[in-house]
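A structural walkthrough
These are the residues of each chain, in order.
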Amino acid sequence: MADDDEEKEEAPAVELGDGEPVEGAPIARVASRLTWPKERSEIDRLEGETTIRTPDGPQTLSDVLPETSTTYYDRRQGFVDEVESVVGTGPVPTADE
């Protein structure tokens, strides 16, 4: 039992920055909350108000979905790829930048 308590007090394996937290959720996290297959309109209904992280700053999923060309996603990865093709990939700006 004592060994369990000692492990909890150790520093995290990954050092976190001191800056402000980044607003929004990664699109992969949003996609993992859904079951597949799923229609774009159903994704919008369920997660449309969710703010996602993008290289251009936080955006709601409802603002991004109309720019996608697919209306039916049979797999999670297809959805993630489509959204990333619209918003891009790369570093997410922080308040310090």
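Below, the structure is looked at part by part. Note that the structure is predicted; figures quoted are calculated from it, not measured. Starting from 1, residues in each chain are numbered consecutively following that chain's sequence as written. Only residues with pLDDT of at least 70 get local features here, since the model is predicted, and only at 80 or more are side-chain atom pairs given and counted; chain-wide, interface and lining totals rely on the full set of residues. The basis for the side-chain values is all heavy atoms of the structure; hydrogens and waters are excluded.

**Side note on the packing of aromatic side chains**
So the rule is basically this: Side-chain rings of Phe, Tyr and Trp, where Trp is taken by its six-membered ring, are said to pair if the distance between their centres is within 6.5 Å; with planes under 30 degrees apart they count as stacked, over 60 as edge-to-face, and otherwise as tilted. Strands here mean DSSP runs of E at least two residues long; helices mean DSSP runs of H or I at least four residues long; both are numbered from the N terminus. Per-residue accessibility, obtained with a 1.4 Å probe over protein chains only, is compared with the maximum for each type, and a residue is labelled buried under 20%, exposed over 50%, and partly exposed between these values.
Inspection of every chain in the model, using the stated rule, returns 2 aromatic pairs. Where Trp36 meets Phe79, the ring centres are 5.4 Å apart and the plane angle is 35 degrees; that geometry is what we call tilted. One end of the pair, Trp36, is in the loop between helix H2 (27–32) and strand S1 (38–39); the other, Phe79, is in helix H5 (residues 76–87), and 43 residues separate them in sequence. Consider the rings of Tyr73 and Phe79, whose centres lie 5.3 Å apart with planes at 80 degrees: the pair is edge-to-face. A relative accessible area of 3% places Tyr73 in the buried class. Put simply, the rings of Trp36, Tyr73 and Phe79 touch in pairs and so form one group of aromatic residues.

**Examining the environment of Leu34**
Stated precisely, the cut-off is as follows: Contacts are assigned to residue pairs that have any heavy atoms within 4.5 Å of one another.
Relative to the helices and strands, Leu34 resides in the loop between H2 and S1. Residue classification places Leu34 among the buried residues on the basis of a relative accessible area of 10%. Among all residues touching Leu34, those that are not within four sequence positions of it are Ile43, Leu46 and Glu47.

**Remarks on H5**
The periodicity of an α-helix, 3.6 residues per turn, causes residues three or four places apart in sequence to face the same way. Formally: The length a helix should cover is 1.5 Å for every residue beyond the first. For this quantity, the arc is that covered by the directions from the helix axis to the C-beta atoms.
Over its 12 residues, H5 extends 17 Å from the first C-alpha to the last, a length consistent with the 16 Å expected when each residue adds 1.5 Å. Within the span of H5, buried status applies to Phe79, Val80, Glu82, Val83 and Val87. For H5, the angular spread of buried residues about the axis comes to 165 degrees, placing them on one side. Next to the buried residues of H5 lie H2, helix H3 (40–47), strand S2 (51–52), strand S3 (59–60), helix H4 (61–64) and strand S4 (72–73). A positive phi of about 90 degrees marks Gly88, the residue just after H5.

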